[in-house]
Amino acid sequence: MAVLTVQGSGVEDNWISPEAPTTNNGTSTSLFVGEESGSVSTERGLLQFDISSIPAGSTISSAILTLTVI
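In this text the structure is predicted, and so the values were computed from the model without any measurement.

**Q** If you had to explain the packing of aromatic side chains to someone new, which residues and values would you point to?
**A** By the definition in use, this model includes one aromatic pair. Ring geometry for tryptophan 15 versus phenylalanine 32: centroids 4.7 Å apart, planes at 75°, classification edge-to-face. Of this pair, tryptophan 15 sits in strand E1 (residues 11–16) while phenylalanine 32 sits in the loop between E1 and strand E2 (34–35); the two residues are 17 residues apart in sequence, bridging distant segments of the chain.

Right, here's the structure in full:
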């Protein structure tokens, strides 16, 4: 069984808001997810992983995603 760890340069993040659906927040230093207090807006976090090293046709039997809130 092979193990692939993706971190650092293999990960991109962005977030979208219904108030500005065409705004690219990819250069933001924050990733917003959920509702703001007193707001009807719900932000959605987007994550992209470079998994190009996984051969086509591979079977992924498990995956673990760890996020740290600071």
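Let us keep going from here.
**Q** Which residues make up the sheet that holds strand E3 (residues 42–49), and what are the values?
**A** The strand order E1-E3-E2 describes an open sheet built from three strands, whose pairing is antiparallel. Both edges of this open sheet fall to E1 and E2, since each of them pairs with a single strand only. The pairing of E1 with E3 spans six bridges and is classified as antiparallel. When the sheet's bridge partners are listed, isoleucine 16 is paired in E3 with arginine 44.

**Q** Tell me about the environment of glutamate 12, and please be specific about residues and values.
**A** Mapped onto the elements of the fold, glutamate 12 is located in strand E1. C-alpha separation for the pair glutamate 12 and glutamate 35, spaced 23 residues apart in sequence, amounts to 22 Å. Setting aside chain neighbours within four positions, we find glutamate 12 in contact with Leu46, Leu47 and Gln48.

Here is what the cut-offs are and how they apply
Residues numbered from 1 in each chain as written. Predicted model: local features only at pLDDT ≥ 70, side-chain atom pairs only at ≥ 80, totals over all residues. Heavy atoms only, no water. Phe/Tyr/Trp six-rings, centres within 6.5 Å; stacked < 30°, edge-to-face > 60°. Helix = DSSP H or I, 4+ residues; strand = E, 2+ residues; numbered from the N terminus. Pairing = 2+ DSSP bridges. Contact = heavy atoms within 4.5 Å.

By themselves, these are just geometric observations and shouldn't be taken as functional.
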